[in-house]
Amino acid sequence: MPWQSDSDEVVLTEPILAKKDCKVEIVAAEATEWKVKEASKGGAPGHEGEVYKAMKLTITITDENVQTEHEGSRPRLTLEHQCNVDKYPYLDKKSGTVKWLGRANLYELEEAFGFDPVFTNGEGKTVEPYIGRTGRKMAPKGEGIKRSFNPAFTSAYFTSEGSPNLEWAGKTVYADIGVEESEQYGAKNRIQRFKKAPISV
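Residues numbered from 1 in each chain as written. Predicted model: local features only at pLDDT ≥ 70, side-chain atom pairs only at ≥ 80, totals over all residues. Heavy atoms only, no water.

Visitor: Tell me about the overall build of the chain, and name the residues and values.
Guide: Looking only at helices and strands, the chain features two helices and 14 strands. Overall, the C-alpha framework of the chain stretches about 75 × 50 × 35 Å when taken along its three principal axes. By residue count, 32% of the 201 residues in the chain fall in the buried class. Looking at the chain alone, contacts between residues at least 24 apart form 59% of all its contacts between residues at least 6 apart. Total accessible area computed for the chain in this model is approximately 13,400 Å², and 48% of it derives from carbon and sulfur atoms. (Helix = DSSP H or I, 4+ residues; strand = E, 2+ residues; numbered from the N terminus. Buried < 20%, exposed > 50% of the residue type's maximum accessible area, 1.4 Å probe, protein only. Contact = heavy atoms within 4.5 Å. Areas by Shrake-Rupley, 256 points an atom, 1.4 Å probe, with all protein chains shown as cover.)

Visitor: Just give me the short version of the pattern of salt bridges, but keep the residues and values in it.
Guide: Under the criterion given, the structure shown has 14 salt bridges. A salt bridge links Glu123 to Lys125, with the nearest nitrogen and oxygen atoms 3.7 Å apart. Each member of the pair Glu123 and Lys125 is classed as exposed. Through salt bridges with shared partners, a single ionic network connects Lys20, Asp21, Asp176, Arg193 and Lys195. (Salt bridge = Lys/Arg side-chain N within 4 Å of Asp/Glu carboxyl O.)

Visitor: Break down the sheet that holds strand 8 (residues 118-120) for me, with residues and values.
Guide: Read across the open sheet, the three strands follow the order 9-8-12; overall the sheet is antiparallel. Each edge of the sheet is formed by a strand with only one pairing partner; in this case those strands are strand 9 (126-127) and strand 12 (146-148). Across three bridges, the pairing between strand 8 and strand 12 is antiparallel. By the bridge assignment, Thr120 is partnered in strand 12 with Lys146. (Pairing = 2+ DSSP bridges.)

Visitor: Outline helix 1 (residues 104-112), supporting the account with residue identities and numerical values.
Guide: The element helix 1 is largely enclosed, with a buried count of seven among its nine residues. Burial in helix 1 covers these residues: Asn105, Leu106, Tyr107, Glu108, Leu109, Glu110 and Glu111. A positive phi of about 95° marks Gly114, the residue just after helix 1.

Visitor: Now, about the nonpolar core: what can you tell me, with residues and values included?
Guide: Membership of the largest hydrophobic core comes to 28 residues, with the highest contact counts inside it found for Met55, Leu57, Leu106, Leu109, Phe113 and Trp168. Of all the secondary structure elements, the ones that give two or more residues to this core are strand 2 (19-35), strand 3 (51-61), strand 5 (78-84), helix 1, helix 2 (151-157), strand 13 (171-180) and strand 14 (188-195). Residues within four places of Leu57 in sequence aside, it is in contact with Ile26, Ala28, Ala29, Leu79, Glu80, His81, Leu109, Trp168 and Phe194. (Core = buried A, V, L, I, M, F, W, Y, C linked by side-chain atoms within 4.5 Å.)

Visitor: Give a description of the pairing of strand 7 (residues 98-101) that names residues and reports values.
Guide: Inspection of the sheet shows strand 6 (residues 88-91) paired to strand 7 by four bridges, in the antiparallel sense. When the sheet's bridge partners are listed, Tyr88 is paired in strand 7 with Leu101. Taken together, strand 6 and the strand that follows it, strand 7, pair antiparallel across an intervening segment of six residues, in which Gly96 is found at a positive phi of about 75°.

Visitor: Just give me the short version of the side chain of Glu110, but keep the residues and values in it.
Guide: Among the secondary structure elements, Glu110 is positioned in helix 1. Apart from the residues lying within four places of it in its own chain, the contact partners of Glu110 are Phe115, Asp116, Pro117, Arg147, Phe149, Asn150 and Phe153.

Here it is in structure tokens:
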């Protein structure tokens, strides 16, 4: 049969259904930047055009127990996720003031990789974390408590300029994965948070 008249089976691919504690592998991490948009386009007033460090992760879902909405569809297992390395200014629509997006994703990854969180008080002195029922170390109560990166985490996974190094590739972590609907692009998976391996695993 000539190649021009041969046909191929169509295989539908879909995002996975939302799943908590989903096993994923970081395939690659690369440095990127977030540039603040003009205020007229929703950017933070007073910060237009400023550039902040960010990181793009390419992630493969390796969990074997995933499902798609339609039977017979192949799950889309590769996704990209961006997180900020610098705090990033944004316009809070409710209050109309500029606020700063923290680095929650990086703190989640820091913990998932086994590093202890670092908390400081209003005077900049390190304070002991509060230990939760599951043994998780969390921010203690108090005025002016802040979180910063564990120096062992940043030196192991970042260059001195704040770019991710090659140590990210091949790391297995867990994540809560949701589904985001978009009129332009259809449904796609989105990582809601990174976590340590569940205790039951």
